[in-house]
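Next come the chains, spelled out residue by residue.
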Amino acid sequence: MKVLTHGPMKFLAAALATVTALFLVVLTFQGWMRHGTDIFLSAMQSGIAWCL
């Protein structure tokens, strides 16, 4: 852990990467909650859902 937070710029870069990753996860989850049913029904119609 000392290596990651050794300099202030490394700590800032790690914090920015963490916030960016969290933002992408939240956007993905929100998109799945909004469009998940449509995605699954589309997969059912094309037969892909049986592979899951």
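Bear in mind the structure is a predicted one, so any value in this text is a computation, not a measurement.

Of the regular secondary structure elements, the protein chain holds 1 helix and 0 strands. Residue burial in the protein chain is summarised as follows: out of 52 residues, 8% are buried. For the protein chain, the accessible surface area stands at approximately 4900 Å², while carbon and sulfur atoms represent 76% of it.

A cluster of nonpolar residues, Phe29, Trp32, Met33 and Ile39, forms a patch on the protein surface that exposes about 480 Å² of accessible area. One can find isoleucine 39 in helix α1 (residues 8-46).

For the rest of this paragraph, the subject is α1. The sharpest bend along α1 reaches about 65 degrees and sits at histidine 35. Glycine 47, located one to two residues past α1, shows a positive phi value of around 90 degrees.

Rules and cut-offs
- Residues numbered from 1 in each chain as written.
- Predicted model: local features only at pLDDT ≥ 70, side-chain atom pairs only at ≥ 80, totals over all residues.
- Heavy atoms only, no water.
- Helix = DSSP H or I, 4+ residues; strand = E, 2+ residues; numbered from the N terminus.
- Buried < 20%, exposed > 50% of the residue type's maximum accessible area, 1.4 Å probe, protein only.
- Areas by Shrake-Rupley, 256 points an atom, 1.4 Å probe, with all protein chains shown as cover.
- Patch = residues over 30% accessible without salt bridge, like charges linked within 9 Å, V, L, I, M, F, W, Y side chains within 5 Å.
- Salt bridge = Lys/Arg side-chain N within 4 Å of Asp/Glu carboxyl O.
- Bend = angle between axes of the 7 residues up to and from the residue.

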